[in-house]
Amino acid sequence: MKKFVIKISFALLPLLILFFLGYYLVKIHRWGGDIGVLGRYFFEQNYIKKWHYSKKGGDYVKAISFDTHLNKKYDIIFIGDSFTYYAENSYGFKSVFSNLLKDSVLYDKSWEICTPEQRFVNMLRNNDCLPRFAIVESVERDFIKRLSDLDFNYDIQAVSETKPNKKGEQDISQDIKLILDMYKKILGFYDNPIKRANLAYNKFSAKGDEKKLYFYFADLNFPESNEIDYALQKLDTLNNMANQKGVTLIYMVACDKYDFYQKYIVDNMFPPQKTLDDFSAKVRIPHFVNTKKVLDSADKQGIIDIYWVDDTHWSQTGSRIVGEYLYNYMKNFTDF
């Protein structure tokens, strides 16, 4: 029996060493943005500390939920997806906007409940005290489908809260998954949702990744022309519905990271992404913001880190540019 235990111990020892080594790396390493987590990539720690640890909220941003009944008149509301949600910090575009405005703006924080477009419809259908302007943001990889699926007669149902796992249990479970995925990736068994490409120029400041593009695989969604046309019709209807309620819609598409940097990829093996360009050329509503064009001028000036290298979203730099653009854009046609 003793010999058997010794043999088993020696057999399990390499596995235990690998597990505790993986656990040590997972616990001491800051994964950074969503690309680091989803792709199980290690990025420069100083870069992560510099870019991802500013948590102060905007001075004038008032967060609400999709089912909040508005009883006070506000001029502006922001409704969006993760690009708007992750811009909740002081560097986020809605915070930059509100600080320039020096007045309170509303922000619908319920980004995981339903699409931004459907939440905007829900607000129009269920509130009498509506803001004058709604900035509705939607990411490029999803906005065609979101518009196409829009139901103008649907009210979002309240979501019942589920009791979350205890923090310790959740952390342990997540750590084990990270460890297993890390070794699956090393062995070539990990189905990685993150794609990589080499760039011709330095576009990021992270050491070792200055010329590397990491992006989400869904950036390679390519809607058909008829799908784009149908989405345009839905956007027209959404704009008309807002006008009838006395709300001016500013519809903004957050450019995907791949689309923004694709022109710099060396020997690009991926198809060209033209969805946002094709949609923009046909759009009919008066207030449409193509953030690819907004950010392109800064990129041409040689500004780097417009997106985070380890994330699918805009950095503080990109968010500031978008927030300032929105403020100046709206100043041109309103008296706020």
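Shown above is the structure to which this text applies.
Let us look at the structure shown here.

Focus: the pattern of salt bridges
- Tallied over the entire structure, the rule returns 17 salt bridges.
- When the shortest N-O distance is used, the salt bridge between R119 and D108 registers 2.8 Å. A residue pair is termed long-range when its members are at least 10 positions apart, and R119 in helix α6 (residues 116-126) and D108 in strand β3 (residues 105-108) qualify at 11 residues. Neither residue differs from the other here; R119 and D108 are each classed as buried.
- The salt bridge partner of K300 is D296, with a shortest N-O separation of 3.2 Å. On the criterion of helical spacing, the pair formed by K300 and D296 is a turn pair, its members being four residues apart in helix α12 (residues 291-300).
- Judged by relative accessible area, K300 falls into the exposed class, the value being 66%.
- D296 gets classed as buried once you look at its relative accessible area, which sits at 17%.

Observations regarding the side chain of D259
- Take D259: it is sitting in helix α10 (residues 257-261).
- The class of D259 is buried, set by a relative accessible area of 1%.
- Within the local environment of D259, its side chain forms a polar contact with the side chain of K292, the two groups lying 2.8 Å apart.
- In this structure D259 touches E140, Q273, L276 and K292, once residues within four positions along its chain are discounted.

Quick look at unusual backbone geometry
- In this structure, D267 takes a positive phi of about 50 degrees despite not being glycine.
- Tracing the backbone through its elements, the reader meets D267 in the loop between α10 and α11 (275-282).
- Under the relative-accessibility criterion, D267 is labelled exposed at 73%.
- Non-glycine residue D305 carries a positive phi angle of around 60 degrees.
- Structurally, D305 is set in the loop between α12 and α13 (316-331).
- A residue is classified by how much of its surface remains accessible, and D305, at 3% relative accessible area, is buried.

Analysis parameters
- The numbering scheme is per chain: residues are counted from 1 as the chain's sequence reads.
- For a predicted model such as this one, the threshold for reporting local features is a pLDDT of at least 70, and the threshold for listing and counting side-chain atom pairs is 80 or more; totals across whole chains, interfaces and linings nevertheless cover every residue.
- With hydrogens and water set aside, each side-chain value is computed from the structure's full complement of heavy atoms.
- Put simply, a salt bridge is a Lys or Arg side-chain nitrogen that is within 4 Å of an Asp or Glu carboxyl oxygen.
- Only runs of H or I of at least four residues qualify as helices and only runs of E of at least two qualify as strands under DSSP, and these elements are numbered from the N terminus.
- The rule is simple: take the accessible area with a 1.4 Å probe, protein chains only, and divide by the maximum for that residue type; under 20% is buried, over 50% is exposed, in between is partly exposed.
- Pairs of N or O atoms are called polar contacts if they sit within 3.5 Å, as long as, within protein, a hydrogen donor faces a hydrogen acceptor (for residues adjacent in sequence, only side-chain-to-side-chain pairs).
- In this description, contact between two residues means that some pair of their heavy atoms is separated by no more than 4.5 Å.

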